Amino acid sequence: MKESHIKKRYILTMTKAVIFLFVFCLASQTQNTSNAQTPSQKYIRIDIGHGALHCPFLGPKFEMLLKKTNGLEDFFLDKQASYVTFNLPATTEMTAESLKQIGVDAGYPPADVMVTMDNKPIKK
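What you are looking at is a predicted structure, and each value in this text was computed from that prediction instead of being measured.

Conventions we followed
Residues numbered from 1 in each chain as written. Predicted model: local features only at pLDDT ≥ 70, side-chain atom pairs only at ≥ 80, totals over all residues. Heavy atoms only, no water. Phe/Tyr/Trp six-rings, centres within 6.5 Å; stacked < 30°, edge-to-face > 60°. Helix = DSSP H or I, 4+ residues; strand = E, 2+ residues; numbered from the N terminus. Buried < 20%, exposed > 50% of the residue type's maximum accessible area, 1.4 Å probe, protein only. Lys NZ or Arg CZ within 6 Å of the ring centre and 35° of its normal. Pairing = 2+ DSSP bridges. Axes fitted to C-alpha atoms, helices over the stretch in contact; angles between N-to-C directions. Contact = heavy atoms within 4.5 Å. Core = buried A, V, L, I, M, F, W, Y, C linked by side-chain atoms within 4.5 Å.

**Q** For this particular structure, what's the right way to read the packing of aromatic side chains?
**A** The relation between two aromatic rings is expressed through the spacing of the ring centres and the mutual angle of the planes. For the structure on display, the rule yields three aromatic pairs. With a centroid separation of 5.8 Å and 90 degrees between ring planes, the pair formed by phenylalanine 62 and tyrosine 108 is classed as edge-to-face. One end of the pair, phenylalanine 62, is in helix 2 (residues 58-67); the other, tyrosine 108, is in the loop between helix 3 (96-106) and strand 4 (113-118), with 46 residues separating them in the sequence. Phenylalanine 62 gets classed as buried once you look at its relative accessible area, which sits at 0%. Here the basic side chain of arginine 45 rests over the ring of tyrosine 83, its NZ or CZ set 3.7 Å away from the ring centre.

**Q** Explain the sheet that holds strand 3 (residues 83-89) to me, please; I cannot follow it from the model alone.
**A** Through backbone hydrogen bonds, the strands of a sheet pair up, either in parallel or in antiparallel fashion. Spatially, 2-3-1-4 is the arrangement adopted by the four strands of the open sheet, whose pairing is antiparallel. Only two strands of the sheet have a single partner each, and these edge strands are strand 2 (73-78) and strand 4. Sheet twist, expressed as the average angle between the axes of neighbouring strands with direction ignored, equals 15 degrees. One ladder, built from six bridges, connects strand 1 (residues 41-48) with strand 4; its direction is antiparallel. The residue bridging aspartate 47 from the neighbouring strand is methionine 114, located in strand 4. Relative to strand 2, helix 2 is tilted by about 170 degrees, and along the sheet it contacts strand 1, strand 2 and strand 3. Relative to the sheet, helix 3 contacts strand 1, strand 3 and strand 4, its axis offset from that of strand 4 by approximately 150 degrees.

**Q** What's the story with the nonpolar core in this structure? I'm lost.
**A** In globular proteins that are soluble, nonpolar side chains generally tend to be buried together. With 15 residues, the main nonpolar core has Ile46, Ile48, Phe62, Leu66, Val84, Phe86 and Tyr108 as its most contacted residues. Broken down by secondary-structure element, the contributors of at least two residues to this core are strand 1, helix 2, strand 3 and helix 3. Excluding anything up to four places from it in sequence, isoleucine 46 contacts Phe62, Leu66, Ser82, Tyr83, Val84, Phe86, Leu99, Val113, Met114 and Val115.

**Q** For this particular structure, what's the right way to read the pairing of strand 2?
**A** Two faces, one strand: in a regular strand the side chains alternate between the faces of the sheet. Looking at chain direction, strand 2 and strand 3 are connected through four bridges and run antiparallel. Note that in strand 3 the partner of leucine 77 across the bridge is valine 84. Linking two consecutive strands that pair antiparallel, namely strand 2 and strand 3, is a turn of four residues; a positive phi of about 60 degrees is found at serine 82 within it.

Next up, the structure:
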């Protein structure tokens, strides 16, 4: 009879441990999905083909036009690699096409302006 009592205790303890782990995993999964569903920013990278960002006329004009964009944050410009990266609020009305148009308005050919827009950070 004593062995029966020990087995019941063991089963009860193991059941509690399994339930605790299940609840813990469920809670951490819920937290991860809630963070992923509501991105607070859009991450943008604009590449200018043929290394044309170092142009002394078009480069500064392009930079000036981009910096007029509302909500622009973390602006980074690499003239050697000919690209810029920055963040915009997730609620921005800017699209990849409108960002490409800024490059075209600065004087770059449309084929040379490549825009990448993502909800995840873009590596520099």
